[in-house]
Amino acid sequence: MARPFKTQRDPQATPRRANTNFTKLATDANAPPEPTQRLHKLLALAGLGSRRDMEALIASGRVTVNGAPAIQGQGVTQHDTVRLDSRPVKLPFIAELPQVLIYHKPEGEIVSQDDPEGRASVFDKLPKVKNGKWIAIGRLDMNTSGLLIFTTSGELANRFMHPRYEVEREYAVRIFGELTEGQMTQLKEGIELEDGPANFDSITAQGGEGANHWYQVILREGRNREVRRLFEAFQLPVSRLMRVRFGPVNLPPRVKRGSMLKLEQKEVVGLLEWADLPVPSAPLRQLTQREKLKATTVFTPKVRKQRISALDRPPRVGADGETRPYRAKPDSVAAKKPAPKRPANRRVRQTSDLAGPAMQKKSDRNRGRG
């Protein structure tokens, strides 16, 4: 049985439209006010830059709230419309579980996003993150390797790095020479450096071969080149320096030099509890089997171009002098691509336009046998 054709629609008929006469809900005057959050904090959580950069961005007048220029320290709610250079910005009002990344930093990379000399940076290898940005927990100089932690939570990074918390840092140090018992005692009691006294909480000899000897040291500060300067005070240069632990986080043996590992959600919750930070009340997201396998797999990052802060992006100004979105195309580019032309009277295909079935041709072998 042949399939019937669909009923042809009359192009001249007026389309039916649904009624949209909705009744506006009345607002409750006794309802509690909507909680607000600081605008510069939400912009920083959205990955547009640091909080200090966002304060400067608001002061420049490029951020608007409900069509009016934003002011510093302003609070916003979920119902406010925030725009940056006339482009809407999605703000993360609901707290999410932060991400934590472990990186085994090799020598030759700096821990900085801005380098005039254009040297290799650890930020060039970090994977992309939505609604946030990576923050390095602590710094390692160019010639130091070992554990480097990245997170999307500024509060967690502050809990690790602020001097008042005195979080332990553990290093494996190789020096050219050997310490005496008196020198080891003096390093634990304290040595006067250029920027004040410094000392190790503990120092343990780990053996060595020839003129090189290994030591395991623990300290609770993060001053610039502090470990190297303590050994150099005894004319013992450091030939190898590697951080193996930062607070409760150890460098796993399976994370080789130049590799990364993303911590699982339960491990991140444990870090938040260790830091006495609030854990998001939302339940943990159920991961697929592929995401579970990927979350526990050590991977080697690829070098990519790091996203810059929104403060460093110059606003686009059109020919009429108005500020346009950053990704908007100029008028000259849009004018080169003309809009597609549509025929004025478009004819609908009818049943009569269909060709009839063609006669089947018989081959030479079967000719005359029918």
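Since the structure is predicted, the reported quantities are computational estimates derived from the model, not experimental observations.

A. Region of interest: the sheet that holds strand β6 (residues 87-88). Across the sheet, four strands lie side by side as β3-β2-β5-β6; this open sheet has antiparallel pairing. In the strand order of this sheet, the two ends are held by β3 (68-69) and β6, each with one partner. Of the pairings in the sheet, the one linking strand β2 (residues 63-65) to β3 comprises two bridges and is antiparallel in character. Considered in β3, the bridge of valine 65 is made with alanine 68.

B. Inspection of the pattern of salt bridges at higher detail. Applying the stated rule across the entire model yields 15 salt bridges. Arginine 223 is the salt-bridge partner of aspartate 195, the closest N and O atoms lying 3.1 Å from each other. Taken as a pair, aspartate 195 in the loop between β11 (191-193) and β12 (196-198) and arginine 223 in the loop between β14 (212-219) and α5 (226-232) lie far apart in primary sequence, 28 residues in all. Residue classification places aspartate 195 among the partly exposed residues on the basis of a relative accessible area of 41%. Through salt bridges that share partners, Glu194, Asp195, Glu221, Arg223, Glu226 and Arg229 make up one connected network.

C. Looking closely at the packing of aromatic side chains. Counting across every chain of the model gives five aromatic pairs. Here phenylalanine 160 and tryptophan 274 contribute two aromatic rings whose centre-to-centre distance is 4.9 Å and whose plane-to-plane angle is 45°, an arrangement assigned as tilted. Of this pair, phenylalanine 160 sits in helix α3 (residues 154-161) while tryptophan 274 sits in helix α6 (residues 265-274), and the two are 114 residues apart along the sequence. Clustering of aromatic rings is evident, with ring pairs tying together Phe160, Phe246 and Trp274. In this structure, arginine 159 is placed above the aromatic ring of tryptophan 274, and the distance from its NZ or CZ to the ring centre is 4.9 Å.

D. Representation of unusual backbone geometry. For glutamine 235, which is not glycine, the phi dihedral falls at a positive 60°. The phi dihedral of aspartate 276 is positive, around 60°, even though this residue is not glycine. As for its placement among the helices and strands, aspartate 276 is situated in the loop between α6 and α7 (289-295). The exposed category is assigned to aspartate 276, whose relative accessible area is 66%.

E. The arrangement of the pairing of strand β9 (residues 145-151) in detail. In terms of residue burial, β9 counts as a mostly covered element, since seven of its seven residues are buried. Across six bridges, the pairing between strand β7 (residues 100-105) and β9 is antiparallel. For lysine 105, the partnering residue across the bridge sits in β9 and is glycine 146. Here strand β8 (residues 135-137) runs beside β9; their pairing, made up of three bridges, is antiparallel. Residue pairing in the sheet places isoleucine 137 in a bridge with isoleucine 149 of β9.

F. Broad picture of the nonpolar core. Core analysis: the largest hydrophobic core is formed by 34 residues, its most contacted members being Phe150 and Phe231. Mapped by element, the contributors of at least two residues to this core are β7, β9, β10 (169-176), α4 (181-189), β11, β14, α5 and β15 (238-246). Core analysis: the second largest hydrophobic core is formed by 20 residues, Ile149, Leu156, Met242 and Ala275 among them.

G. Structural view of the environment of leucine 179. Tracing the chain through its elements places leucine 179 in the loop between β10 and α4. Assessed through its relative accessible area of 6%, leucine 179 is described here as buried. The spacing of leucine 179 and phenylalanine 234 is 55 residues in sequence and 8.6 Å in space, taken between C-alpha atoms. The residues touching leucine 179, leaving out its near neighbours within four places in the chain, are Met184, Leu187, Ile203, Tyr215, Phe231 and Leu236.

So, how was this worked out
- Residues numbered from 1 in each chain as written.
- Predicted model: local features only at pLDDT ≥ 70, side-chain atom pairs only at ≥ 80, totals over all residues.
- Heavy atoms only, no water.
- Pairing = 2+ DSSP bridges.
- Helix = DSSP H or I, 4+ residues; strand = E, 2+ residues; numbered from the N terminus.
- Salt bridge = Lys/Arg side-chain N within 4 Å of Asp/Glu carboxyl O.
- Buried < 20%, exposed > 50% of the residue type's maximum accessible area, 1.4 Å probe, protein only.
- Phe/Tyr/Trp six-rings, centres within 6.5 Å; stacked < 30°, edge-to-face > 60°.
- Lys NZ or Arg CZ within 6 Å of the ring centre and 35° of its normal.
- Core = buried A, V, L, I, M, F, W, Y, C linked by side-chain atoms within 4.5 Å.
- Contact = heavy atoms within 4.5 Å.

Honestly, that's just the spatial picture; any functional story needs more than this.
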